[in-house]
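Spelled out from the first residue to the last, the chains are:
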Amino acid sequence: MVNSEYTVNPEIPSIDNYIGGEWKPPLSGKRNAGCNPARSSEIVSLSPDSECDDLDVAVASAEAARYAWRKLTGAQRGALLFKAADLLESRLEEIGRAMTCEMGKTLGEAKGETARGAAILRYYAGEGMRPVGDVIPATDAEALMFTTRAPLGVVGVISPWNFPVAIPVWKMAPALVFGNTVVWKPAAETAITASLIMACFHEAGFPAGVMNMVIGEGAVIGQGIAEHPGIHAVTFTGSDTVGKRVGQIALARGAKYQLEMGGKNPIIIAADADLDLAVDATISGGLRSTGQKCTATSRVIVVSDVYESFRSKLLEKVERLKVGDGLNAETWLGPCASRKQYETVLDYIRKGKEEGAELLVGGEQPDDPELADGYFITPAVFDQVMPKMAIAREEIFGPVLALIEVRDLDEAIELANDTEYGLSASLYTSNLGYALKFIQETDAGLVRVNAETAGVELQAPFGGMKGSSSHSREQGQAAIEFYTAVKTVFMKP
Ligand code: NAD
């Protein structure tokens, strides 16, 4: 049974859940059709519309597998991650293409993200051999006191569609290497990419039940993970509305949880900035991946002295960006990932105009008739944006830049902090004093000087302040804090 208004080509991949080491259709038999955002009438996948029964089976198999898995050494678990990394890398082209067809990002970015996935797997494979505790002097001369780390049990992973390889991999790899088993709910929009990742793990030889994937509605399977008494910890990346709900449910039943959510990331252009570099960083940080990065630049806060010259340099380059199908080599900017995302972005563009901001460029469907069936929006730049406007306060998650003029750096930092979010912030300047002031005074988990807001390094802690996060950190060595519990050992002969 297919929940779709479209006629479906029998060649379309029909994706299954992965439970207990086997591919399993959803118990209900129901599936949802997923379309290519570059041509919305083209169906690219049929993904499981799973129900809580499917989730129960996955949790039971993760539970059954966890005791044997935790008994392996970190090196043994890491060896499997190394194999998964090689397999992911060997399927770079296939996974990249699937991602582009499902969520629209350009093929170059999709392949780059897949390569990042392999690098993350290798990084955490190595973590299996690194120290996990400290020796602490005991007050008893005969005792040895030290800390070690214990796995949490079954970890539920809920991930979004915007980085369908990197995000789930940066959650699952540390969960696994530290001895947990996993039940993963990917975003249904990127079901093919998710099943290709699972295929790599399967082929790498992970024992049955160690990794499980269940695809379905967020309100059913995502919420089911948050509520499930058999899941000991929940890691979530997505919108703040859903994330806060997931956190409340997990907290109420005493499960450990971690939330990474939205952003409204500012870039500040100081009077002494290299304007050409600042323009490139604004475009790359704000518009790559069609602005659908949690770290995307959204507010462009420019000091008056250079406002006009920055704006004209920015417009000149934004107007030349090529919008199109992400599979075309010359495309710089693909479509919005879904109809929902497309409508949300158009809605913000309408709101921006209604509230009195001036749309300088973009914000509309491209002229090209070949793009008429896709969720394309030309990159938009708003001028005369006031801090109270919706486009200056709410996460848009699309190709929209809001220019805000300020007197000086003090006002710029005050505005940068005037948001409920605190994920990433950037400053362009050649003044070391400005840079230090910005680093000290900006409330964001990622603070970047002369670099775009959207860069993430897998070996460094990643996460937001304020409403962007549950105040935990992912990636790098920070991951051990979430995926393990500290055990303090006091031992006498
Ligand atoms: P979303 O919150 O709609 O969905 C995220 C995941 O949660 C999906 O798997 C979805 O199916 C699931 N879900 C939906 N409803 C649920 C519910 N009631 N209970 C449990 N799970 C549910 O977000 P999205 O639209 O997929 O992703 C975009 C958002 O993700 C943006 O806000 C973006 O900023 C954020 N994001 C944050 C980071 C970060 O690391 N901070 C990274 C990428 C994306």
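Everything numeric here is computed off the predicted structure, so don't read it as measured data.

**Q** Help me get a handle on the packing of helix α9 (residues 275-287) against helix α10 (residues 304-318), residues and values and all.
**A** Relative orientation of the contacting elements α9 and α10 amounts to 55 degrees, with a least axis distance of 10 Å. With respect to α10, the element α9 is oriented oblique. The hand of the α9/α10 crossing is right-handed. Here Leu-275, Asp-276, Ala-278, Val-279, Asp-280, Thr-282, Ile-283 and Leu-287 of α9 lie close against α10, whose contacting residues are Val-306, Ser-309, Phe-310, Lys-313, Leu-314, Lys-317 and Val-318. Class assignment of the residues belonging to the contact of α9 with α10 gives a composition of nine nonpolar, two polar and four charged.

**Q** So what's going on with the sheet that holds strand β13 (residues 297-303)? Residues and values would help.
**A** Pairing is mixed in the open sheet, where seven strands are placed in the order β14-β15-β16-β13-β12-β17-β18. Here the strands that pair on one side only, and so sit at the sheet edges, are β14 (358-361) and β18 (446-449). Ignoring which end each strand starts from, the neighbouring axes of this sheet average 25 degrees apart. In this sheet, strand β16 (residues 400-406) lies alongside strand β15 (residues 380-383) in parallel orientation, the contact comprising three bridges. When the bridges of β16 are listed, Ala-380 appears paired with Val-400.

**Q** Describe the site of the ligand, listing the residues and the values that go with them.
**A** In the region of the ligand, 26 residues are neighbours, and Ser-159, Ser-239, Met-261, Cys-294 and Glu-395 sit closest. Within the contact set of the ligand, a nitrogen atom lies 3.3 Å away from a backbone nitrogen or oxygen of Gln-223. Met-261 is positioned such that a nitrogen or oxygen atom in its backbone is 2.7 Å from a nitrogen atom of the ligand. For the ligand, the protein covers 90% of the area, taking 850 Å² as the surface of the free molecule. Elements with a minimum of two residues in the shell around the ligand: α7 (218-227), β10 (233-237) and α8 (240-252). Here the shell around the ligand gets four residues from one element, more than from any other, and that element is α7. In terms of domain composition, the shell around the ligand takes at least three residues from each of domain 1 (2-261 + 470-491) and domain 2 (265-457).

Definitions and cut-offs
Residues numbered from 1 in each chain as written. Predicted model: local features only at pLDDT ≥ 70, side-chain atom pairs only at ≥ 80, totals over all residues. Heavy atoms only, no water. Axes fitted to C-alpha atoms, helices over the stretch in contact; angles between N-to-C directions. Helix = DSSP H or I, 4+ residues; strand = E, 2+ residues; numbered from the N terminus. Parallel < 35°, antiparallel > 145°, perpendicular 65-115°, else oblique. Left-handed = near helix turned anticlockwise from the far one by under 90°. Contact = heavy atoms within 4.5 Å. Nonpolar A, V, L, I, M, F, W, Y, C, P; charged D, E, K, R; others polar. Pairing = 2+ DSSP bridges. Near = heavy atom within 4 Å. Polar contact = N/O pair within 3.5 Å; in protein donor to acceptor, adjacent residues only side chain to side chain. Areas by Shrake-Rupley, 256 points an atom, 1.4 Å probe, with all protein chains shown as cover. Domains from an automatic or database assignment.

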